[in-house]
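The primary structure of each chain is shown beneath.
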Amino acid sequence: MAPPNAHPFGILAVQGDFEMHARMLSRIGAPWKLVKRAADFDGIAGLIMPGGESTTMLKFFAEEGLGQPVKDFVGRGQPVFGTCAGAILLATEATNPPQESLGLLDITIERNAYGRQVDSSVRRGECPELSDHPIQMVFIRAPIIRRVGEGVRVLGRADGLPVLVQKGNVIASTFHPELTDDETIHRYFLLQR
Amino acid sequence: MWEYDEQMKLKVGLAEMLKGGVIMDVTNAEQAKIAEDAGACAVMALERVPADIRKEGGVARMASTKIIKEIMDAVSIPVMAKARIGHFAEAQVLEAIGADYIDESEVLTPADEEHHIHKWPFKAPFVCGARNLGEALRRIGEGAAMIRTKGEAGSGNIVEAVRHLRAITGEIRRLTTLREEEWMARAKELQAPYDLVQWVAENGKLPVPNFSAGGIATPADASLVMQLGAEACFVGSGIFKSSDPAKRAKAIVRATTHYNDPKIVAECSEELGEAMKGIDVAKLKPEELLQMRGW
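For clarity, every value in this text was computed on a predicted model and none was experimentally measured. (Residues numbered from 1 in each chain as written. Chains lettered and ligands numbered in written order. Predicted model: local features only at pLDDT ≥ 70, side-chain atom pairs only at ≥ 80, totals over all residues. Heavy atoms only, no water.)

Enquirer: It is not clear to me how the pattern of salt bridges should be interpreted in this structure. Could you clarify?
Expert: Side-chain pairs of opposite charge can arise whenever the charged atoms involved come near each other. Residues and elements named next belong to chain B. Applying the stated rule across the entire model yields 38 salt bridges over all chains. For E36, the salt bridge goes to K33, with nearest N and O atoms at 2.9 Å. Linking E36 with K33, this pair stays in helix α2 (residues 29-37), spanning three residues, or about one helical turn. On the basis of relative accessibility, which here comes to 5%, the residue E36 falls in the buried class. R131 is the salt-bridge partner of E135, the closest N and O atoms lying 3.4 Å from each other. Residue classification places R131 among the partly exposed positions, given a relative accessible area of 21%. (Salt bridge = Lys/Arg side-chain N within 4 Å of Asp/Glu carboxyl O. Helix = DSSP H or I, 4+ residues; strand = E, 2+ residues; numbered from the N terminus. Buried < 20%, exposed > 50% of the residue type's maximum accessible area, 1.4 Å probe, protein only.)

Here's what the structure looks like:
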């Protein structure tokens, strides 16, 4: 599918389910590489920020200078997709408890908003602009988007709540499309470049 | 053919989220906070760290529910807790208070010497220790959603974790070279469920994440087990039995992420103070080996 010299998509791999995103991109036939250091941003076509622990990833942003390259990357208009912890890091405001974030997408997001792991669930949601069919959505200790800022489009909902949002080149989901075999969301992201 | 249902997808899903991270043993809320601030991706609540269990003896049980709840209130990362092997009532209690993962652990005194917990009916996911592929597949057959090498907990000695990791990854590689008609004989030798043997032969890995535990005390130890195929690290006594827990915790977190970059692992190894003293596992009597608990 992709020409052999195509720029790979970067997958942030300091911690989290980066391998599941890699599995999905391989399935679709898109080249990828893991991003752990600032130098790894060179030449990537887009960036995926995976699920995992946002507090752990924040340490790497602050102490290894990984936050600024993400901001610069978004500033250049390059596409970024954050799932779960990735969405929390992209938000302008993260709560429960309040924590630092990159402020690249104007949403307020509440961490662990459904409860603990025993409250994790698989749901069916709608993404009308992306698919005619309901999409299987896996929520793991998931956050909830409590406020959607001006100009942020809600692309997907589950149980009435926004679960997939986009503004410009930044996309965020509170669920994990990488944990299913449904390629819809990743294919949509790949079209953003 | 073995496959996940939706519940198993959620259980394995949380294990996926922990990959590349460090899960730290803690005995109170204060230690849990130190672990979270150092970048731990989860904490494991227990009554005493393995080194103290080994020293003090007596029956080691599930931690006090009061302390586990205090730990849950203190941190926003997942909180795991240990239950005794076969003690399904302890596991039910841990699920009831909202533990994010239950470790059916050989570090505690076994409650049942014949049977492990039937883990499928629980909503909370389980992690179990294993020394070889057969043991790993038996636990997965019972419903475990994550495997960790047993190593030798509380020893500060990486030798057993390495042995178990090499045993599991080596046996997986050998399994992928067999012809289909050889799978059943191999299942018989491994004493493992046939459908799981088939899954591993066809996929070349375990159907659930494989983490490492039992003896990790330094950043280089973390790098070693990650290079040998572990997908994340559990660190027990190695942190809070060292001279500067916060610093060592942070260094092990960083070394786990950058395990394949020796320059960064070298940076992580500087000025850490004293590591836990550790013991020569070869000098332990068979009855002192925690890894022999469970089958």
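Enquirer: Explanation requested: helix α3 (residues 67-75) of chain A in the structure shown.
Expert: An α-helical segment advances 3.6 residues per turn. Residues three or four places apart therefore align on the same side. Residue and element names in this part refer to chain A. Listed as buried for α3 are G67, P69, V70, F73 and V74. Viewed along the axis of α3, the buried residues span an arc of 170°, placing them on a single side of the element. Summarising the contacts, the buried residues of α3 are in contact with β3 (47-49), α2 (54-63), β4 (80-83) and β12 (170-173). (Arc of directions from axis to C-beta. Contact = heavy atoms within 4.5 Å.)

Enquirer: Which parts of the structure should I look at to understand the packing of aromatic side chains?
Expert: Centre-to-centre distance and the angle between the planes together describe a pair of aromatic rings. Residues and elements named next belong to chain A. According to the stated counting rule, one finds seven aromatic pairs over all chains in the structure shown. Between the aromatic rings of F41 and F73, the centroid separation amounts to 6.1 Å while the plane-to-plane angle is 65°, which identifies the pairing as edge-to-face. In this pair, F41 is assigned in the loop between β2 (32-35) and β3 and F73 in helix α3, connecting sequence segments 32 residues apart. Residue class for F41 comes out buried when judged on its relative accessible area of 7%. The class of F73 is buried, set by a relative accessible area of 0%. (Phe/Tyr/Trp six-rings, centres within 6.5 Å; stacked < 30°, edge-to-face > 60°.)

Enquirer: Explain unusual backbone geometry here, please?
Expert: Trans peptide bonds make up the majority, and among non-glycine residues the majority have a negative phi. The residue after A:N96, namely A:P97, is reached through a cis peptide bond having omega -15°. Position of A:P97 relative to the elements: it lies in the loop between β5 (91-95) and β6 (105-110). A positive phi angle is found at B:Q191, which is not glycine, with a value near 55°. Along the chain, B:Q191 falls in the loop between α8 (183-190) and α9 (194-203). Residue B:Q191 is classed as exposed on the basis of its relative accessible area, which comes to 55%. The phi dihedral of B:E271 falls on the positive side, at around 45°, and the residue is not glycine. Relative to the helices and strands, B:E271 is located in the segment after α13 (262-268).

Enquirer: Mind showing me how you'd approach the sheet that holds strand β4 (residues 101-105) of chain B here?
Expert: Strand pairs in the sheet, formed through backbone hydrogen bonds, run parallel or antiparallel to each other. All names here are of chain B. A sheet is described by the order of its strands in space; here eight strands give the open sequence β7-β6-β5-β4-β3-β2-β1-β8, paired in parallel fashion. Each of the sheet's edge strands pairs with one partner strand only, and the pair in question is β7 (210-211) and β8 (233-235). Judged from the four bridges that link them, strand β5 (residues 126-130) and strand β6 (residues 146-149) form a sheet pairing that is parallel. Within β6, the position partnered with G129 by the bridge is R148. Across the sheet, helix α6 (residues 133-141) is in contact with β5 and β6; its angle to β5 comes to roughly 160°. (Pairing = 2+ DSSP bridges. Axes fitted to C-alpha atoms, helices over the stretch in contact; angles between N-to-C directions.)

Enquirer: Just checking my understanding: could you explain the environment of A:M57 for this structure?
Expert: Residues and elements named next belong to chain A. Along the chain, M57 turns up in helix α2. Given the relative accessible area of 0%, M57 is considered buried. In sequence terms M57 and Q15 are 42 residues apart; their C-alpha atoms lie 6.7 Å from each other. Once you skip the residues sitting within four places of it in the chain, M57 turns out to touch L12, V14, Q15, P50, G51, G52, A85 and L89.

Enquirer: Where do I start with the packing of helix α10 (residues 219-227) of chain B against helix α12 (residues 245-257) of chain B in this structure?
Expert: Two numbers describe a pair of packed helices, the interaxial angle and the distance between the axes. All names here are of chain B. Interhelical geometry of α10 versus α12 gives an angle of 25° and a closest axis separation of 8 Å. By the angle between their axes, α10 is roughly parallel relative to α12. α10 and α12 meet at a crossing whose hand is right-handed. Seen from α10, the contacting residues are P219, A222 and M226; seen from α12, they are A251, I252, A255 and T256. Residue classes in the contact of α10 with α12 are distributed as six nonpolar, one polar and no charged. (Parallel < 35°, antiparallel > 145°, perpendicular 65-115°, else oblique. Left-handed = near helix turned anticlockwise from the far one by under 90°. Nonpolar A, V, L, I, M, F, W, Y, C, P; charged D, E, K, R; others polar.)

Enquirer: It is not clear to me how α8(B) should be interpreted in this structure. Could you clarify?
Expert: All names here are of chain B. Turning to α8, its buried residues are W183, R186, A187 and L190. All buried residues of α8 lie within an arc of 105° about the axis, which places them on one face of the element. Exposed side of α8, more than 90 degrees from the buried face: K188 and E189 are the residues found there. Those residues of α8 hidden inside the fold are in contact with α6, α7 (159-176) and α9. Q191 sits one or two positions beyond α8 and adopts a positive phi of about 55°.

Enquirer: Looking at this model, I keep getting lost on the interface of chain B and chain A. Mind explaining?
Expert: Interface size is commonly expressed as the accessible surface area that is lost when the partners come together. Residue-level contacts link 38 residues of chain B with 38 residues of chain A. At the boundary of chain B with chain A, total buried surface from both sides reaches about 2900 Å², with 54% on carbon and sulfur atoms. Sorting the residues of chain B by area buried against chain A places B:L10, B:M17 and B:S76 first, and these three jointly supply 23% of that buried surface. For the pair chain B and chain A, the number of links is seven salt bridges. Across the salt bridge formed by A:E64 and B:R254, the nearest N and O atoms sit 2.4 Å from each other. In this structure, the connection of chain B to chain A is made through 24 residue pairs in polar contact (both at pLDDT 80 or more). The set of elements that each furnish at least two residues to the side of chain B that touches chain A consists of α1 (6-17), α2 and α12 of chain B. Here the element with the most residues in the side of chain B that touches chain A is α1(B); it accounts for eight residues. Broken down by class, the residue content of the side of chain B that touches chain A amounts to 15 nonpolar, nine polar and 14 charged. (Buried area = accessible area lost by both parts, 1.4 Å probe. Polar contact = N/O pair within 3.5 Å; in protein donor to acceptor, adjacent residues only side chain to side chain.)

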